[in-house]
Structure formats: structure tokens, C-alpha cells
Amino acid sequence: MKTTQKLGNPGFIIAVLLLVLNDWYLKETCPNVLTGKLSDFAGLFAFPFLLSALFPRRTVTVYS
């Protein structure tokens, strides 16, 4: 899979948008445990996509 395909994946885009929305808006308006877990989940979902796009030869290492 090419870098543009990985970064254009709907799952990656939604995770990054959710991370940005959560960090810039939701944590300010309603800080609670849910916003912290939402940030963790979105970040842990998006980070391997980004790493595998930056280092395509290390994809197996990134996901293992």
C-alpha cells in the first residue's frame, strides 16, 4: 500500500479528526475520563498508520 493510500484511509482520517476535536474542544468543554480514553484510543489507532506510512519497510515491526 502506498503512503498516500495509508494516510488517505478513512480510518486514519477519522482517528486524526477525532483526536484533534477531542484535544481542542471536548477536553475544554467537558473534561472527564471519557475524553481521556477517547484521546488514547484515537492516538493508538492513528499512530501505527503514520509510522507505517513513514517507514514502509518496517510495517511488520510497527504492527507487531
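A. Main features of the packing of aromatic side chains. Across all of its chains, the model carries three aromatic pairs by this definition. Considering the side-chain rings of Phe41 and Phe45, the 6.3 Å spacing of their centres and the 25° angle between planes classify their relative orientation as stacked. Taken together, the positions of Phe41 and Phe45, both in helix H3 (residues 33–54) and four residues apart, correspond to about one turn of that helix. Note on Phe41: relative accessible area 56%, which makes it exposed. For Phe45, a relative accessible area of 35% gives the class partly exposed. Ring geometry for Phe45 against Phe49: centres 5.5 Å apart, planes inclined by 45°, an arrangement best described as tilted. Here Phe49 and Phe45 lie together in helix H3, a separation of four residues that amounts to about one turn. Each member of the aromatic cluster is reached from another via a ring pair, and the members are Phe12, Phe41, Phe45 and Phe49.

B. Molecular detail of helix H2 (residues 10–29). Given a rise of 1.5 Å per residue, 20 residues ought to cover 28 Å, and the 27 Å separating the end C-alpha atoms of H2 matches this to within 8%. Along H2, the largest kink reaches about 45° and is centred on Asn22. Within H2, burial applies to Phe12, Ala15 and Asn22. Two or three places before Gly11, at the opening of H2, Asn9 has a side-chain oxygen 2.8 Å from that residue's backbone nitrogen.

C. Inspection of the side chain of Thr35 at higher detail. The topology assignment puts Thr35 in helix H3. Looking at Thr35, the relative accessible area reads 6%, which means it is buried. Residues contacting Thr35, with those up to four places away along its chain left out, are Asn22, Leu26, Lys27 and Cys30.

Definitions and limits used
Positions within a chain are numbered from 1, following the residues in the order the chain's sequence is written. Where totals are concerned, whole chains, interfaces and linings use all residues; where local detail is concerned, this predicted model gives features only for residues with pLDDT of at least 70, and gives and counts side-chain atom pairs only at 80 or more. Hydrogens and waters are ignored; side-chain quantities use all the structure's heavy atoms. Each Phe, Tyr or Trp ring (for Trp, its six-membered ring) is paired with any other whose centre lies within 6.5 Å, and the angle between the two planes then decides the class: stacked below 30 degrees, edge-to-face above 60, tilted in between. Numbering goes from the N terminus for both helices and strands, where a helix is a DSSP run of H or I of at least four residues and a strand is a run of E of at least two. Under the scheme applied here, a residue whose accessible area is under 20% of the maximum for its type counts as buried, over 50% as exposed, and between as partly exposed, the area being computed with a 1.4 Å probe on protein chains only. Expected span, for any helix, means 1.5 Å times one less than how many residues it has. Note that bend, as reported per residue, equals the angle between axes fitted to the 7 residues terminating at that residue and the 7 residues originating from it. Identification of polar contacts relies on pairs of N or O atoms within 3.5 Å, with a donor-acceptor requirement for protein atoms, meaning one able to donate a hydrogen and the other able to accept it, and with residues adjacent in sequence counted only if both atoms are side-chain atoms. Note on definitions: a residue-residue contact is assigned when non-hydrogen atoms from the two residues lie within 4.5 Å.

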